[in-house]
Amino acid sequence: MDRHVLSLLQLLVSVVCGSLEKGFIRTEHQGRGSGLQHAAHNCNETIVVESLPDCGYMFEILMLRVEPSQWCNLTKVIMHYDMLSKCAEDTARSGNCFWPNNLAEKFIIGVHTKFFSNCTSDTVIWEDPPDDILTALILIPVFLTAAMISLVVWCSKRGDIFE
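Per chain, the residues get numbers from 1 upward, laid out in the order the sequence is written. Local features in a predicted model are, by the rule used here, given only for residues with pLDDT of at least 70; side-chain atom pairs are given and counted only at 80 or more, and totals for whole chains, interfaces and linings are based on all residues. Note that the side-chain values use all heavy atoms of the structure and ignore hydrogens as well as water.

Student: Summarise the packing of aromatic side chains; cite the residues concerned and give the values.
Tutor: When the centres of two rings from Phe, Tyr and Trp lie within 6.5 Å, Trp using its six-membered ring, the rings pair. Their planes under 30 degrees apart give stacked, over 60 give edge-to-face, and anything left gives tilted. Following the criterion strictly, the structure yields 6 aromatic pairs and no others. On the numbers, 5.1 Å between centres and 65° between planes, the contact of Trp-71 with Phe-115 is edge-to-face. Of the two residues, Trp-71 sits in the loop between α2 (45-64) and α3 (74-94) while Phe-115 sits in helix α4 (residues 102-115), which places them 44 residues apart along the sequence. Ring pairing ties together the aromatic residues Phe-59, Trp-71, Tyr-81, Phe-115 and Phe-116, which thus form one cluster. Numbering goes from the N terminus for both helices and strands, where a helix is a DSSP run of H or I of at least four residues and a strand is a run of E of at least two.

Student: Quick rundown of a negative patch on the surface? Include the residues and the values.
Tutor: Two distance rules govern patches: like charges are joined within 9 Å, and nonpolar side chains (Val, Leu, Ile, Met, Phe, Trp, Tyr) within 5 Å, applied only to residues with over 30% relative accessible area and no salt bridge. For accessible areas, the Shrake-Rupley method is used with a probe of radius 1.4 Å. Any residue's cover is judged against the shown protein chains and nothing else. Whenever Lys or Arg places a side-chain nitrogen within 4 Å of a carboxyl oxygen from Asp or Glu, that contact is recorded as a salt bridge. We score Asp and Glu as negative and Lys and Arg as positive, and we do not count His or the chain ends. By convention, the point assigned to a charge is CZ for Arg, NZ for Lys, CD for Glu and CG for Asp. A grouping of Glu-127, Asp-128, Asp-131 and Asp-132 is seen on the molecular surface, where their side chains present a negatively charged patch. Considering the arrangement of structural elements, one finds Asp-128 in the loop between α4 and α5 (131-157).

Student: Can you tell me about unusual backbone geometry, naming the residues and giving the values?
Tutor: With an omega of -5°, the peptide bond running from Trp-99 to Pro-100 counts as cis. Within the element layout of this structure, Pro-100 appears in the loop between α3 and α4. Despite not being glycine, Asn-96 shows a phi value in the positive range, around 60°. Along the chain, the position of Asn-96 falls in the loop between α3 and α4.

Student: Lay out the state of the cysteines in plain terms, naming residues and giving numbers.
Tutor: To count as a disulfide, a pair of cysteine sulfur atoms needs to be within 2.5 Å. Counted according to the given criterion, the structure contains 3 disulfides. Covalently, Cys-43 is tied to Cys-97 through a disulfide, its sulfur atoms 1.7 Å apart. Negative torsions about the S-S bond denote left-handed disulfides, and the value of about 85° found for Cys-43 with Cys-97 makes this one right-handed. With Cys-43 in the loop between β2 (36-38) and α2 and Cys-97 in the loop between α3 and α4, the pair connects residues that are 54 residues apart, well separated along the chain. Paired through a disulfide, Cys-55 and Cys-87 show a sulfur-sulfur distance of 2.0 Å.

Student: Outline a nonpolar patch on the surface, supporting the account with residue identities and numerical values.
Tutor: Taken together, Leu-134, Ile-138, Leu-139, Val-142 and Phe-143 make up a surface patch of nonpolar side chains, about 460 Å² in accessible area. Residue position: Leu-134 is located in helix α5.

Student: Pulling in residues and values, what's your account of empty space enclosed by the protein?
Tutor: In this analysis the probe radius is 1.4 Å and the grid spacing 1 Å, with only protein atoms considered; a cavity is a set of points the probe fits into but cannot get out of, a pocket is an open set with protein on both sides within 12 Å along at least five of seven lines, and lining residues have an atom within 4 Å of a point. Grid points are joined across faces, edges and corners, and a volume is the space filled by probe spheres set on the points. Applying the stated criterion to the full structure yields 2 cavities of 30 Å³ or more. Here the largest cavity is characterised by a volume of approximately 40 Å³. Looking at the largest cavity, the residues that line it are Cys-55, Met-58, Phe-59, Leu-62, His-80, Met-83, Leu-84 and Cys-87. Counting residues per element, the ones that place at least two in the lining of the largest cavity are α2 and α3. Under this grouping Gly is polar, as are all residues other than the nonpolar Ala, Val, Leu, Ile, Met, Phe, Trp, Tyr, Cys and Pro and the charged Asp, Glu, Lys and Arg. Residues that form the lining of the largest cavity fall into these classes: 7 nonpolar, 1 polar and no charged.

Student: Explain the confidence of the model for the protein to me, and be specific about the residues and the numbers.
Tutor: Should the pLDDT be low somewhere, the predicted coordinates at that spot are not to be read in detail. Within the protein, residue pLDDT values average 77, and 71% of them lie at 70 or more. Every residue is assigned a pLDDT by the predictor, reflecting its confidence on a scale from 0 to 100. The spread of mean pLDDT over the elements of the protein runs between β2, the lowest at 35, and α5, the highest at 93. Low confidence marks residues 15-40, where pLDDT is under 50. Its contacts with residues over four positions away, or in another chain, come to 29 contacts. The contact rule is simple, with two residues in contact once any of their heavy atoms fall within 4.5 Å.

Okay, structure coming up:
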């Protein structure tokens, strides 16, 4: 196929798929032919920086409904935190930025510092696993050991076949 026809076909596919609007550009003919190359990502950090505090404000209002003594209880705050995360992700995408990015990371760290800095525990609280998991963890090695002993005994009785 002629290289000009191939270039026109690539351009047509690019236009139809909308990839020209999503950051792909047509490159000049180099060496063996032309191709598509990913353009520099145009992240509008201004939109992100201006909009992330709105997410934080909404999260703060939601957290005020929860007793401060319960802020470390994940079941009490997980829905609010999920809304914060979705808001921050939508904000980053509205600014044509990757998610996660440095701006969002700094914002999330700030939220953690403000609301969850006292949630670390110095002592580890050990808990037993649920009974069904504990039973499986005990019985599987017992049955495997019994099966291996049976296999060894059976093979030793049938030694003439395996020689």
